[in-house]
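Geometric and topological summary
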Amino acid sequence: MTTRLEQVKSLLRGIRQDEEDYRQLRAQLDEQRLCMIRRDSDALLAVNDAIHQRYQRLSDSARARRETLLNLGVSADRDGIAQVFSWLPAAQKHAAQQNWQQLERQAASCQSCNEKNGELLTMQYEFVQTFLGTGPDFIYRG
C-alpha cells in the first residue's frame, strides 16, 4: 500500500506531466488546424492519431488523479485538490497551486482551440456540400 506522502507526490508529478501534455496537445491542435486549412489529408490523419493518443493519456491521468484524491480521503474536484495543497509546506503549496492554475489555463486553451477547429471543419463541410450541390436545400432551390 502506498503511503499518503507517495500519493501526494504522485498527484503533483501527474499535474506537472499533464501540464506538459496539454502544452504538446495545443501544438498538435494548431498543427491540425493548419492541416485542415491546407487540406493535407495525410498529415491530418497523422496528427489526428497523435491527438487521439494524447487525449487518451490525459483521460487516463485524470482518472488516476480522481482515484488518488479519493484514496487520500478528499473529494475528487477542485476542493479536494485545494485540500491536498493545504497539507504542503508554503513553498511547495505555492508551486503546486501555480502548476494547477497553469494546467487549468492550458486545458481551457486547448478546449477553445478544439472548438475553433470544429467550427473550421463544419465550415469546410458546408462549403463542399454547397459546391457539390448536395446540401440539404439543394433540392428546393428554384
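Right above here is the structure, for reference.
Here's what I pulled together on the structure shown here. (Residues numbered from 1 in each chain as written. Predicted model: local features only at pLDDT ≥ 70, side-chain atom pairs only at ≥ 80, totals over all residues. Heavy atoms only, no water.)

Here the focus is the overall build of the protein chain. Helix and strand counts for the protein chain come out as four helices and zero strands. Reading the protein chain from its N terminus to its C terminus gives the helix and strand order α-α-α-α. Counting only C-alpha atoms and orienting by the principal axes, one finds that the protein chain spans roughly 70 × 30 × 30 Å. In the protein chain, 66% of the contacts between residues at least 6 apart in sequence involve partners at least 24 apart. Summed over all atoms, the accessible surface of the protein chain reaches about 9,500 Å², with 55% contributed by carbon and sulfur. (Helix = DSSP H or I, 4+ residues; strand = E, 2+ residues; numbered from the N terminus. Contact = heavy atoms within 4.5 Å. Areas by Shrake-Rupley, 256 points an atom, 1.4 Å probe, with all protein chains shown as cover.)

Scanning the entire structure with this criterion turns up eight salt bridges. When the shortest N-O distance is used, the salt bridge between R23 and E19 registers 3.5 Å. In this pair, R23 and E19 both sit in helix α1 (residues 4-38), four residues apart, roughly one turn of the helix. Residue E19 is classed as buried on the basis of its relative accessible area, which comes to 10%. For R78, the salt bridge identified is with E104, shortest N-O distance 2.7 Å. Highlighted residues: R78 in helix α3 (residues 78-86) and E104 in helix α4 (residues 90-132), separated in sequence by 26 residues. Overall, E104 belongs to the partly exposed group, its relative accessible area being 28%. Three or more residues are tied together by salt bridges with common partners; here these are E19, E20 and R23. (Salt bridge = Lys/Arg side-chain N within 4 Å of Asp/Glu carboxyl O. Buried < 20%, exposed > 50% of the residue type's maximum accessible area, 1.4 Å probe, protein only.)

Shape is all these values report; function is a separate question.
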